Amino acid sequence: MKILKNIFAGLFILLFAAACNEGIDPISRVDPGADASAPVIKINSPAEGYQIKVSDVVAPVTINLEVTDDIELGSVSLKIDDTEVKSYSDFKDYRRLIAEFVYESISNGSHVLTVTAKDLEGKTTTSTVNFEKVSPYNKKYASETFYMPFDGDYMELISFDYATKVGSPTFAGTGILGDNSYKGTADSYLTFPTENLTGNEFSATFWYYVDANPTRAGILSTGASADSRQQGFRLFREGDASSQRIKLNVGTGAGESWNDGGLIDATAGKWVHIAITISETENTIYFDGVPVRTSTMSSSIDWSGCESIAIGAGGPTYSYWNHLSDYSYIDELRFYNSALSASEIQSIIFNDMPYEPKYNGEVFYMPFDGTNMDLVTATEADIVGTPGFGTGISGQAYAGATDSYLTFPTTTLQSSEFSAVFWMKVNASPDRAGILSSGSEAENRQHGLRLFREGSATEQRIKLNVGTGTGESWNDGGIIDATTGDWVHVAITISETENIIYFNGEQIRTSAMSAPIDWAGCGTLTIGAGGETFSYWNHLSDSSLFDELRVFDKALSQSEIQAIYNAEK
């Protein structure tokens, strides 16, 4: 009976196995084929150029990768800066590894992640990613309260807080500094809390690459409620495909102040530095460091109810009048709790984009765009008296005044050859004045140079005197019509054997020199007057306008002077 039971059990198992295999092809070995390819590595994170921005001395980095092989993986090694931090040799899927690993000890500085994968036959693939941990940001400017560089994220580096995204803003893939900047998209912008950003004075600076589509948009805005402009401020643009006007509105509690700003050429395809300053009495818009327009305010800005600032749109409080999302690029956005001066704005521009001399031999460039800064060395001239600014051939110009001029050290200006070029709109009152002068002492003309004018209400003669150490060279130059009110391009060149005066690129007069210019004892260059060493013969302060002053450590040729003249006229 027991044997019979065993027979029935065996038959049952055979029947069950047959039923389970019904409709299934029998298993057979498949040849995997030749091992033709090396492993393929895909590093998902960190991305190339990734920056870790945290205040901790060391920080973690998450490594996420995928490695595949056509036949079978043998090993995968992860190294950071040539030190192995993780390895894999046992794979659930012998052809594929999907892994995520957190390495906890990334210090400040640049780092390289190297992933090396081998298959069973020893074929090897290596892939690398460069990333860095940046040091905690140290404020570059005394009143700076906010800095967002848009280098692949929306972190504000003073607070280490992230802006909140609305919609899907993105990045431009290019920028003034770094490799990125903010790029707007439809119905998208950022918001950031106003905590620690408000005060009786406020400024914002940023670089802007305008996209005129749509033809109007908000740029920066904060308010207490929709349709009310009596709190906060609104920076926005309006125009068409060829030009865009940047405007500012500031709420003063019981009223508002409108600033109609200025126009940006929307077809130029270039970055423009924009700054707004809000003091307790006025607000000003600057383009590339030049004040465009100022508007008075009845009282200081009112921040009541302004909880967040919208970046890249009019946002919830200024989307009416169609000031919606801006598709333009924005880079290096900073806020300040003071009304910045023109000199401070120029310094910020210089720090972001140091001036690169445009011409061979250029050692000094002062455009007089609201400041008296030499852009080559980022050095401010010393001011004597109260010179001002007027409308220039480009932007603003130096405007002379009684008993007023600038002085600048000659440290970088002295050489055996010398040239200076500038634009001048002559003011014949007074009827004689110094223009550029540098000497060793009063009434000694054997060192340095003296460029000056003499004449009448109708005409002014531009003259040059150069000291040669034991003597001097006089150049009686030429006459400018003082009645036309025209800008005249003036150039002087001093070689080792002669000096020349040019008007509007044309040679006026040449004078021989017995020796090269002698700079002994010439510590400063006076701009706009005869100064301490050439105020005799009544060559005092010049009330004329001067613009685009450049100095060179060589004697420019006429063709070089004409190139400068043609580029600036």
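Only a predicted model underlies this, so the values are computations on that prediction, with no experimental measurement involved.

Draft legend 1. How the structure looks around the overall build of the protein chain. Check the secondary structure of the protein chain and you find three helices and 42 strands. Relative to a compact globule of 569 residues, whose C-alpha radius of gyration would be 25 Å, the protein chain shows 35 Å and is clearly more extended. In terms of principal-axis extent, the alpha carbons of the protein chain reach across some 145 × 65 × 40 Å. Counted over contacts in the protein chain with a minimum sequence separation of 6, partners at least 24 positions apart contribute 65%. In the protein chain, 38 side chains carry a positive charge and 74 a negative one; their mean positions are 6 Å apart.

Draft legend 2. Geometry of the confidence of the model for the protein chain. Residue-level pLDDT values for the protein chain average 93, and 94% of them are 70 or greater. Taken as a whole, residues 1-9 scores under 50 in pLDDT and shows zero contacts with residues more than four places along the chain or in a different chain. Under a pLDDT of 50 for its full length, residues 11-21 has, in the predicted model, zero contacts with residues more than four places off or in other chains.

Draft legend 3. Broad picture of the nonpolar core. The biggest cluster of nonpolar side chains holds 42 residues, and the ones touching the most others in it are Phe 150, Phe 206, Tyr 208, Leu 220, Phe 233 and Phe 335. Once you skip the residues sitting within four places of it in the chain, Phe 233 turns out to touch Phe 202, Leu 220, Ser 221, Thr 222, Leu 248, Asn 249, Val 250, Ile 276, Ile 278, Ile 301, Trp 303 and Ile 309. By size, the runner-up hydrophobic cluster in this structure holds 41 residues, among which are Phe 364, Val 426, Ile 462 and Ile 527.

Draft legend 4. Structural context of the pairing of strand β32 (residues 405-409). Counted residue by residue, β32 has four buried out of five residues, so it is predominantly covered. The pairing of strand β29 (residues 382-384) with β32 spans three bridges and is classified as antiparallel. Counted as the bridge partner of Ile 383 is Leu 406 from β32. Of the strand pairs in this sheet, β32 and strand β41 (residues 524-527) are connected by four bridges, and their pairing is antiparallel.

Draft legend 5. Looking closely at the environment of Leu 549. Tracing the backbone shows Leu 549 in strand β42 (residues 545-552). Considered as a pair, Leu 549 and Thr 174 are 375 residues apart in the sequence and their alpha carbons are 32 Å apart. Among all residues touching Leu 549, those that are not within four sequence positions of it are Phe 364, Tyr 365, Met 366, Phe 368, Val 421, Phe 422, Leu 436 and Ile 527.

Analysis parameters
Residues numbered from 1 in each chain as written. Predicted model: local features only at pLDDT ≥ 70, side-chain atom pairs only at ≥ 80, totals over all residues. Heavy atoms only, no water. Helix = DSSP H or I, 4+ residues; strand = E, 2+ residues; numbered from the N terminus. Rg over C-alpha atoms; globule rule 2.2 N^0.38 Å. Contact = heavy atoms within 4.5 Å. Lys, Arg positive; Asp, Glu negative; His and termini not counted. Charge placed at Lys NZ, Arg CZ, Asp CG, Glu CD. pLDDT = per-residue confidence, 0-100. Core = buried A, V, L, I, M, F, W, Y, C linked by side-chain atoms within 4.5 Å. Buried < 20%, exposed > 50% of the residue type's maximum accessible area, 1.4 Å probe, protein only. Pairing = 2+ DSSP bridges.

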